[in-house]
Amino acid sequence: MREFKSKAFWRAVLAELVGMTLFIFLSITTAIGNSNNTAPDQEVKVALAFGLAIATLAQSLGHISGAHLNPAVTLGMLVSCQISAFKALMYIVAQMLGSALASGIVYGVRPDGNAALGVNALSGVTPGQGVGIELLATFQLVLCVIAVTDKRRRDVTGSAPLAIGLSVCLGHLAAASAVSALAGRTSKPLINAFNQITGNEAEKKTTLDQSLRGVLGDQIVEQKASCDEYLALIYISIEAVTEGICSATTPFLLLGDVLDCLPLDQCDKIFSFVEENVSTWKSSTFYSAGKNYLLRMCNDLLRRLSKSQNTVFCGRIQLFLARLFPLSEKSGLNLQSQFNLENITVFNKNEQESTLGQKHTEEKEDGMEVEEGEMGEEEVPATCSIPIDYNLYRKFWTLQDYFRNPLQCYEKFSWMTFLKYSDETLAVFKSFKLDDMQASKRKLEELRTSAGEHVYFAKFLTSEKLMDLQLSDSNFRRHILLQYLILFQYLKGQVKFKSSNCILNDDQTAWIEETTKLVHQLLKEIPPEGEKFSAMVEHILNTEENWNGWKNEGCPSFVKERVVDDKPKRPVRKRQAPEDFLGKGPDRKLFMGNDELTRLWNLHADNMEACKSDDREFMPSLDEFFAEAIEQADPTNMVEDEYKVVRNSNYGWRALRLLSRRSPHFFQPTNQKFKSLADYLDSMVSKLAKELPKDIPSEEIKTGEEDDDDNGDNLLKESNDSPSMQSKMVSNQQMDDVAAKLGAKWKTLAGQLEMKASELREIETDSEDVDMQAKLLLVAWQDREGTQATVENLVSALNAASFTQIADNLSEA
Amino acid sequence: MARCVETASPILMHHLLHMSVFSQSFSPCGKFLAAGNNYGEIALFSLSAALGPDANELSQKPILTFTAHEGPVFSLLSTDSHLLSAGNGEISAWSWAELIKKCLCALPPSLRSSLEIPEINAMALNPADNSLAVGGGDNNVHIMDLENGAFKSVLQGHTDYIHCLSVRERASEVLSGGEDGAVRIWDTRTSQCVHCVEVYKYETCARPQHGKWISCLTTDSDWMLCGGGPSLSLWHLRSMSPTSVFPLSGCQRQATFYQDMILTVGEGQCVSHCLMGGEVKAQIPCTPHSINTLAINTNSTEHRVLTVGGSSDHIDVFTNLSYKAFSLRF
């Protein structure tokens, strides 16, 4: 008890606590740190981490507490009388506290989805075996610790802590590998063995395939192995396939075998494994070899499952298939649009076997047993207590046969029956309005919570006694009406595999149209939320139409291939080629569709060039614009500041714009500070005033950058300006000359001058003389064109009419 | 119908075309339905055959048709053993047992009592004292004791002929409605008029354009349904006030309480389902354009059907109240 008061004792306990915390933290973090490790790597890593952590901590804390860091070691020390019982107790308490603390820390910093914190679990060994392994591993550790720290020994060279650490490492390696021999899932030994055996590659593969199946078969027959072991075997086979030592179909065969032989609850587990490995199955090695096996396997499973009970599992299988196969996969498709003709709805057709109340109970029971075997849930009532409308009953259920096999509708006689029965049934639906269940809100709430939204019945119950209830059931009615809509969609739709004689005549089409409307109307009337239901059904059927179209086109893939095109395609011309709308004549007159537009467009041969002409230059020159300002700026003129044009903001804005375009001063940096625009303009005006008297043409005051453009402009101007006569109006003298020369040939020119036939007739009636007529033509043209009646236009028209001689004379004049 | 047209003579066709069914009554066993038409004929239909699984066209035809009266059969009533039919001024009683056996030869009515009443529009059975109330063209209600066939009393008060009668069992009262627009409530013990409700005087149910006559009358302890010229209305008998008025356009000829609903027929090709609150819940289409009579077979659960007859030779049968299943035909 003396040591209880000593400082060294508590230091040692504290060191043990800290050491344990660090040790557990380091080692568990390593163990759970990375989920991607496969088994053998993980083992080595964990073992090393444990070992190194122990070595480090023993080195750092060994001198304080001895760094036991393990209750087993403390116990060993106690047994070998190296520490007191009380100290051992306190050490163990400290170790436990430390490890709990560390676990807490790791729990806080762990990655997502790992709640177990690397807790050891037995896999593949019995608990007894586990105890043995742990016993030996711990024994070698404690032995090592005691041996190394034995003070009497002189032969211990090297680091004692490292030795202990390595011992821990060894223990972990041994124990862990012993535990997970099979669970380790390694195929290394197989590969080695495979490589050692000599022989044909294919033969060896077959042998391995066979032996794997054999092993699995034995396991299944023994019925001792758990799902994990089957999966381990399958895992090995997968690895063997990737290593190329067994054929690619083996994993699928094994899976198939397992699923065929196991009860459904275990199949669930196996299937989870299948689901997890979708990426494996989709890899190129497995996909082509295994897709058919997987499909068959899934179908087998689906066949075993109950559609109404195992909905979740069925859904998982469907989802898996959807993930496995591309969207356009055809194997699950009813390609030929065949009907499930086996789905016969049985009902009481036979009058003798029906269940009328008058008849004796014996007869009745016989009838029920034979006819309605599928009605498991319905107990057989002893007496028939309600009147039954057998007429409707039979007609109603006969209709199911048409829904089962719509092709019957194309036969004339059965169509008539269908028509009659349908009309009667729908009349009943129309007459028998359903009550709104939403009468009370409370009831609605109850419905929502208890019954659930989803109503499903795999097969219709066809007892005649249920008829009345069925008629008043909104879900049942929706089912029937939906069947109608689906049938009509088939009858109307284009289906590839419908034979050519399956065509509706006009009466049938009309009836279907009408009935579709009625059915939708009835759907809308069915509470609750009939309108919504009807709209939804319509939408779904439209979507179905798209699928139908897709099937008709032979199920093209949905993945669009990127068009690989080496040569860049010529851009598709969106507009008409100029040749299409350009005039064909020699003057290339364009026809704009409207006389006025045509005239405007054809003022110049090249409108772009025309825009560049001087006439189109509206920008005033500097001297013109600033003349007034300069004048006013002259102090001799005595103009008051406030009346100067520069004070006008409008003028100022325009002046700035002009300066920016025309004056180099605008861009020259200045150190003067101007308070207002007017001040700035004043200074600019004074500068301009200095320059302008030198009579520098404003166009030449240009910044360097604009020079190139200017040259081009000047050239253009020269070319445009040269034929000065062309803008001249045609004089009367010229017209007389031309008319005289034209004479009788004036009509040729008239075409080029775009004279109307009516005008020509007018000219002809006005005068007998051809010269006079020609003169009249020219006058009429001049009247119409007005200012555009220039010599140039007349010359071009004359040229077009191939009077080049006259044209030349005219231009020379 | 097509078959009938082909085979029937023009006279028969004419006969069928102008036929109206005025009254119907179920047999005590509930398996048969008797219906009377405007030619004084009574037809007997077998419901069990028509409702049977092997029903065909033939089972929807009457098993027996006989002429009972000169004029139209306005009222039919079943007692435990007899079918009572009221014709022009006379009431006949036919034994159900014999009718079912189709003994046409032995058919002379077992009881025939001649009254000096021009036409008998309504009969009502009061099981409390085994008496029959009869009303018709002489503006009076006659009470006849069925034990001995003697008339016990005459209830006088209506100013025009009587359309309908109803017995309020609990209070041993008889209600009568007539052309004069009044519903009179009589105490059978004192033969006095206890109340007189002139329905057309109440603004909520008055319809002057249709007249003031009362053509249908039904009671259910504290409640009374009456209609005709005035709108069909539900009355609380203790307070003698209309509680709900049903928004039905035509004049109603017959109404009845059924479960928590009111079924009513009249002008218009439909059976109306009304709620006590005054809403019309549904109108179920049927064959005749105008309906005179409606009956629910409560005598037998397996044949619990609603039958409806009117201005047609068809009697519509409803197995489920919400749609017409088939028609019986004269």
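Residues numbered from 1 in each chain as written. Chains lettered and ligands numbered in written order. Predicted model: local features only at pLDDT ≥ 70, side-chain atom pairs only at ≥ 80, totals over all residues. Heavy atoms only, no water.

(A) Up close: the packing of helix α17 (residues 390-404) of chain A against helix α21 (residues 474-492) of chain A. All names here are of chain A. Taken N-terminus to C-terminus, the directions of α17 and α21 make an angle of 40°; their axes are 10 Å apart at the nearest point. Taken together, the axes of α17 and α21 lie oblique to each other. For the element pair α17 and α21, the recorded crossing hand is left-handed. Of α21, the residues touching α17 (which contributes Phe396, Trp397, Leu399, Gln400, Tyr402 and Phe403) are Phe476, Ile480, Gln483, Tyr484 and Leu487. Tallied by class, the residues present in the contact of α17 with α21 amount to nine nonpolar, two polar and no charged. (Axes fitted to C-alpha atoms, helices over the stretch in contact; angles between N-to-C directions. Helix = DSSP H or I, 4+ residues; strand = E, 2+ residues; numbered from the N terminus. Parallel < 35°, antiparallel > 145°, perpendicular 65-115°, else oblique. Left-handed = near helix turned anticlockwise from the far one by under 90°. Contact = heavy atoms within 4.5 Å. Nonpolar A, V, L, I, M, F, W, Y, C, P; charged D, E, K, R; others polar.)

(B) Spatial organisation of the confidence of the model for chain B. The predicted model of chain B has a mean per-residue pLDDT of 86, with 93% of residues at 70 or higher. What the predictor reports for the complex is a pTM of 0.53 with an ipTM of 0.80. (pLDDT = per-residue confidence, 0-100.)

(C) Layout of the pairing of strand β14 (residues 173-178) of chain B. All names here are of chain B. Counted residue by residue, β14 has six buried out of six residues, so it is predominantly covered. Neither face of β14 is open: one carries Glu173, Leu175 and Gly177, the other Val174, Ser176 and Gly178, and all of them are buried. Pairing geometry for strand β13 (residues 162-168) and β14, over six bridges, is antiparallel. Its bridge partner being in β14, isoleucine 162 is matched across the sheet by glycine 178. The antiparallel pairing of β13 with β14 creates a hairpin that spans four residues between the two strands, and serine 172 there sits at a positive phi of about 40°. Of the strand pairs in this sheet, β14 and strand β15 (residues 182-187) are connected by five bridges, and their pairing is antiparallel. Paired with serine 176 across the bridge in β15 is arginine 184. (Buried < 20%, exposed > 50% of the residue type's maximum accessible area, 1.4 Å probe, protein only. Pairing = 2+ DSSP bridges.)

(D) Molecular detail of the environment of lysine 204 of chain A. Residue and element names in this part refer to chain A. Of note, lysine 204 is situated in helix α9 (residues 201-222). Considering only alpha carbons, one finds lysine 204 and isoleucine 245, 41 residues apart in sequence, at a separation of 7.8 Å. Leave out the neighbours within four places in its chain, and lysine 204 touches Phe194, Ile197 and Gly199.

(E) Focus on the packing of aromatic side chains. According to the stated counting rule, one finds 35 aromatic pairs over all chains in the structure shown. Judged by centre distance (5.6 Å) and plane angle (15°), the rings of phenylalanine 9 of chain A and phenylalanine 86 of chain A are stacked. On the criterion of sequence distance, the pair formed by phenylalanine 9 of chain A in helix α2 (residues 7-33) and phenylalanine 86 of chain A in helix α5 (residues 85-109) is long-range, its members being 77 residues apart. Note on phenylalanine 9 of chain A: relative accessible area 3%, which makes it buried. Take phenylalanine 86 of chain A: its relative accessible area is 23%, and that puts it in the partly exposed class. Ring plane angle 90° and centroid distance 4.7 Å describe the contact between tyrosine 202 of chain B and tryptophan 235 of chain B, whose orientation is recorded as edge-to-face. Taken as a pair, tyrosine 202 of chain B in the loop between β16 (192-198) and β17 (214-220) and tryptophan 235 of chain B in strand β19 (residues 233-236) lie far apart in primary sequence, 33 residues in all. In this arrangement the basic side chain of arginine 296 of chain A is found over the ring face of tyrosine 293 of chain A, its NZ or CZ atom lying 5.5 Å from the centre. (Phe/Tyr/Trp six-rings, centres within 6.5 Å; stacked < 30°, edge-to-face > 60°. Lys NZ or Arg CZ within 6 Å of the ring centre and 35° of its normal.)

(F) Broad picture of the environment of tryptophan 94 of chain B. All names here are of chain B. Structurally, tryptophan 94 can be placed in strand β7 (residues 90-95). Accessibility expressed as a relative area gives 4% for tryptophan 94, which makes it buried. As a C-alpha pair, tryptophan 94 and leucine 83 span 11 residues in sequence and 4.9 Å in three-dimensional space. Separated by 3.0 Å, the side chains of tryptophan 94 and serine 85 make a polar contact. (Polar contact = N/O pair within 3.5 Å; in protein donor to acceptor, adjacent residues only side chain to side chain.)

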